[in-house]
Amino acid sequence: FELKVTKHFAAAHNLREFYGKCENLHGHNWFVEARVRAKELDNISLVMDFGVIKKHLNDVLDLIDHQYLNDLPAFKTDNPTSENIALFIFNNLAPLIKEASGGRAWLHSVSAWESENACATYMVD
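Residues numbered from 1 in each chain as written. Predicted model: local features only at pLDDT ≥ 70, side-chain atom pairs only at ≥ 80, totals over all residues. Heavy atoms only, no water.

### Observations concerning the side chain of His13
- Tracing the chain through its elements places His13 in strand 1 (residues 2-13).
- Judged by its relative accessible area of 2%, His13 falls in the buried class.
- A polar contact is formed between the side chain of His13 and the side chain of His28, at a distance of 3.2 Å.
- Polar contacts involving the side chain of His13 include one to the main-chain carbonyl oxygen of Pro80, which spans 2.7 Å.
- Ignoring anything within four residues of it in the chain, the contact list for His13 reads Asn24, Leu25, His26, His28, Trp30, Tyr68, Leu69, Asn70 and Pro80. (Helix = DSSP H or I, 4+ residues; strand = E, 2+ residues; numbered from the N terminus. Buried < 20%, exposed > 50% of the residue type's maximum accessible area, 1.4 Å probe, protein only. Polar contact = N/O pair within 3.5 Å; in protein donor to acceptor, adjacent residues only side chain to side chain. Contact = heavy atoms within 4.5 Å.)

### Overview of the packing of aromatic side chains
- Inspection of every chain in the model, using the stated rule, returns three aromatic pairs.
- Ring centres of Phe90 and Tyr122 lie 4.9 Å apart, and the angle between their planes is 70 degrees; on these two criteria the pair is classed as edge-to-face. Taken together, the positions of Phe90 in helix 2 (residues 82-100) and Tyr122 in strand 5 (residues 118-123) put the pair 32 residues apart, joining distant regions of the chain.
- When its relative accessible area of 6% is taken as the criterion, Phe90 is described as buried.
- Residue class for Tyr122 comes out partly exposed when judged on its relative accessible area of 31%. (Phe/Tyr/Trp six-rings, centres within 6.5 Å; stacked < 30°, edge-to-face > 60°.)

### Considering the sheet that holds strand 2 (residues 26-38)
- Sheet architecture is open: five strands sit in the order 3-1-2-4-5, paired in mixed fashion. Lying at the two open borders of the sheet, with one neighbouring strand each, are strand 3 (67-68) and strand 5.
- The sheet contact formed by strand 1 and strand 2 spans 12 bridges and is antiparallel. Directly across from Ala12, in strand 2, lies its bridge partner Gly27. (Pairing = 2+ DSSP bridges.)

See the structure below:
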């Protein structure tokens, strides 16, 4: 089974050593998709409560919402690319999902959309 929740956040960044327009300071209204998987349903036929997943995703996105990403410790050395933003969200959200589900469900993927037609996804198999 797979559940998907989505959320938006806004943030500014610039890509170091990019040598193009994105090297300049600019912002995005990001769209995030988080996918949670489980092999079996719980005793009331749920993978997990959507509200729990949304709460934890909101908590993680609060760390980067309305921020200049380059100033955050996670992006001081790693460029705040769509790929690294998806990885950041994944790494912060995965343990919350695991704990909240009692280890029964896991975070499978996070997609970070920087525009309506461009995204990067980090996933585990």
